[in-house]
Structures are given as structure tokens and as C-alpha cells.
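Here is how the chains run, residue by residue.
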Amino acid sequence: SSMLVDELDEVFLGLISRWDDDPRASRVMRMIQEYVGCCGAKNNRDDYYNMRKVVPPECRHPVTGNNYRYGCPQTMAWWLEPWSSCLAGISLFFSATDVIVIYLNSKLRRYLRDLNQN
């Protein structure tokens, strides 16, 4: 979705702008680019050029050496969208399980209380 891509674009542009000053920002950006297979923000490696930064080697495919075609916001959106629905389903399952456990716990407590009174 374009809204997710726009939000991620702001995050990645912030990480790129802090690249030289913040070791954590550069480490996070390097890890994402390497493991997701993307480069920069929405404008790909041009984001590095526009901010007068060196394009990192993580913007290249480790085997072919070619630059990645897509920026990190779009690639992350493609990766996050299917996983978010999966995680939402798992969360709903655990929420329903919690309600059932609470109900069964109250029934068990009531049964034990009645058993102790007799």
C-alpha cells in the first residue's frame, strides 16, 4: 500500500541522513539492505547521492554484484504485508484462547470451591 511505503520512506530517509553520525542507524540500514535485498529509500541509490553519501556495498547483490532494483520502503512493504495478516491471525487465535482459558479457570475455581464446602 502506498501509505505504508510513504511511512517507511520517511524512516529510511532518516536512517540515511544519520548514516555518518549514528553507528546504529548505519548498522540497521546495512542489515535491512543486505537481508531484504534493497537499496536506500524510495529513490533507491539516488537517495545516497542526493544526501552526498557513499552508496554502501549492501546495495548490491552478493553474487551478481548488480544494484538492487527497488528501494527499501517498497521491498519492506512487499515483505510486511503478507506477514502482518499472518501475525494478526495468530494474535486473534491467542486472544480467543485467553478468553477460553479464563472461562475454564473460573469454572474450575467454582468447582473446587463447591467441593471444599461439601
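Look up: the structure comes first, before these words.
Structure report, in brief. All figures in this text were calculated on a predicted structure; none of them were measured in a lab.

Quick notes on the rules
- Residues numbered from 1 in each chain as written.
- Predicted model: local features only at pLDDT ≥ 70, side-chain atom pairs only at ≥ 80, totals over all residues.
- Heavy atoms only, no water.
- Disulfide = S-S within 2.5 Å.
- Helix = DSSP H or I, 4+ residues; strand = E, 2+ residues; numbered from the N terminus.
- Buried < 20%, exposed > 50% of the residue type's maximum accessible area, 1.4 Å probe, protein only.
- Phe/Tyr/Trp six-rings, centres within 6.5 Å; stacked < 30°, edge-to-face > 60°.
- Patch = residues over 30% accessible without salt bridge, like charges linked within 9 Å, V, L, I, M, F, W, Y side chains within 5 Å.
- Areas by Shrake-Rupley, 256 points an atom, 1.4 Å probe, with all protein chains shown as cover.
- Salt bridge = Lys/Arg side-chain N within 4 Å of Asp/Glu carboxyl O.

1. Examining the state of the cysteines
Counted by the stated rule, this structure contains two disulfides. Here Cys38 engages in a disulfide with Cys72; their sulfurs sit 2.1 Å apart. Disulfide Cys38-Cys72: the torsion about the S-S bond is 85 degrees, which places it as right-handed. Of this pair, Cys38 sits in the loop between helix H2 (23-37) and helix H3 (46-50) while Cys72 is found in helix H4 (residues 72-117), placing the two residues 34 residues apart along the sequence.

2. A word on unusual backbone geometry
At Asn44, a position not held by glycine, the phi torsion is positive, near 60 degrees. Residue Asn44 is classed as buried on the basis of its relative accessible area of 12%. Even without a glycine there, the phi angle at Arg52 is positive, about 55 degrees. Structurally, Arg52 is set in the loop between H3 and H4.

3. Topic: the packing of aromatic side chains
Tallied over the entire structure, the rule returns four aromatic pairs. Between Trp19 and Tyr48 the ring centres are 5.6 Å apart and the planes differ by 85 degrees, which places this aromatic pair in the edge-to-face class. Taken as a pair, Trp19 in the loop between helix H1 (2-17) and H2 and Tyr48 in helix H3 lie far apart in primary sequence, 29 residues in all. The exposure classification of Trp19 matches that of Tyr48, with both residues buried.

4. So, a nonpolar patch on the surface
A contiguous nonpolar surface patch, about 420 Å² in accessible area, is contributed by Leu87, Ile90, Phe93 and Phe94. In this structure, Phe93 sits in helix H4. Note on Phe93: relative accessible area 52%, which makes it exposed.

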